[in-house]
Amino acid sequence: MILTQIANPAFRSRIWARPTSCRSFWGWLNAVFNRVDYERIKDFGPDRAASEWLLRCGAKVRYQGFEKWQHDYNGLPTGPLGKYKIQAIDATDSCIMYRGFDYLDGLKHLEEIKLCKCIYIEDACLERISKTDTLQESLRRLEIISCGNVSDKGIIALHSLSNYL
């Protein structure tokens, strides 16, 4: 009886969070996940810091010399700093955005990036990838699938990547 008295007014008045307020909350939270921690990069190295960023945002990473994809933030490998080098990134359905792309600067062994259904990926992200010196040398494969904010301008910006297949 008490439960129906509490619940019924809420159902009748339809006071629920509006979709736009939910979207702005998730956008804000995703922006927080993409904040770059330069001290962490300095202390733990670019590969470890980038792994943490990518997994926090819902992406997967594969390390050089390993076949298995790492997708669990709590299962990140431990060991000597610099042992695990990111070879591939699968950012399918992740919330990575331009704000976090500084994490990619020090990745010298990154050969593959898959951006599939990434709602925050835009032309500026692809321009950033093409201007990152380490990626110009190491990146061999880049997949961009169903990223709605990417236009011809972003694709054209990739012309400086000469190593990919």
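Anything mentioned here points back to the structure above.
Residues numbered from 1 in each chain as written. Predicted model: local features only at pLDDT ≥ 70, side-chain atom pairs only at ≥ 80, totals over all residues. Heavy atoms only, no water.

Draft legend 1. Structural context of the side chain of Arg 62. Among the secondary structure elements, Arg 62 is positioned in strand E1 (residues 60–63). Once residues lying within four places of it in the same chain are set aside, the contact partners of Arg 62 are Glu 67, Lys 68, Trp 69, Lys 85, Ile 86, Gln 87, Ala 88 and Glu 112. (Helix = DSSP H or I, 4+ residues; strand = E, 2+ residues; numbered from the N terminus. Contact = heavy atoms within 4.5 Å.)

Draft legend 2. Representation of the pattern of salt bridges within the structure. Per the stated rule, a full pass over the model turns up eight salt bridges. Residues Arg 40 and Glu 52 are paired through a salt bridge, measuring 2.6 Å at the closest nitrogen-oxygen approach. Remark: Glu 52 occurs in helix H4 (residues 46–56) and Arg 40 occurs in helix H3 (residues 38–44); sequence separation between them is 12 residues. Given the relative accessible area of 29%, Arg 40 is considered partly exposed. With its nearest N and O atoms 2.9 Å apart, the salt bridge here joins Arg 128 to Asp 105. With a gap of 23 residues between them, Arg 128 in helix H5 (residues 123–131) and Asp 105 in the loop between strand E3 (86–90) and strand E4 (112–116) connect regions that are remote in the sequence. The exposure class of Asp 105 is partly exposed, given its relative accessible area of 34%. Three or more residues joined by partner-sharing salt bridges are found here, namely Arg 40, Arg 48 and Glu 52. (Salt bridge = Lys/Arg side-chain N within 4 Å of Asp/Glu carboxyl O. Buried < 20%, exposed > 50% of the residue type's maximum accessible area, 1.4 Å probe, protein only.)

Draft legend 3. Structural view of the nonpolar core. By size, the foremost hydrophobic cluster in this structure holds 37 residues, and its most contacted members are Ile 86, Ile 96, Leu 104, Leu 110, Leu 115, Ile 121 and Ile 129. Counting residues per element, the ones that place at least two in this core are H4, E1, E3, E4 and H5. Ranked by the residues each element gives to this core, the list is headed by H4, at five residues. Among all residues touching Leu 104, those that are not within four sequence positions of it are Trp 53, Ile 89, Leu 110, Ile 129, Thr 132, Thr 134 and Leu 135. (Core = buried A, V, L, I, M, F, W, Y, C linked by side-chain atoms within 4.5 Å.)

Draft legend 4. Geometry of the pairing of E1. Examined bridge by bridge, E1 and E3 share four bridges and lie antiparallel to one another. The residue bridging Lys 60 from the neighbouring strand is Asp 90, located in E3. Adjacent in sequence and paired antiparallel, E1 and strand E2 (residues 69–70) are bridged by five residues, among which Gly 65 carries a positive phi angle near 90 degrees. (Pairing = 2+ DSSP bridges.)

Draft legend 5. Seen up close, the sheet that holds E2. One open sheet holds the five strands; their spatial order is E2-E1-E3-E4-E5, and the pairing between them is mixed. Each of the sheet's edge strands pairs with one partner strand only, and the pair in question is E2 and strand E5 (141–145).

Draft legend 6. View of the environment of Ala 124. Relative to the helices and strands, Ala 124 resides in helix H5. Assessed through its relative accessible area of 27%, Ala 124 is described here as partly exposed.

Draft legend 7. Examining unusual backbone geometry more closely. The phi angle at Lys 117 is positive, at roughly 55 degrees, despite the residue not being glycine. Its place among the elements puts Lys 117 in the loop between E4 and H5. Positive phi is not limited to glycine here, since Ser 146 has a value of about 55 degrees. For Ser 146, the position within the fold is in the loop between E5 and helix H7 (152–156).

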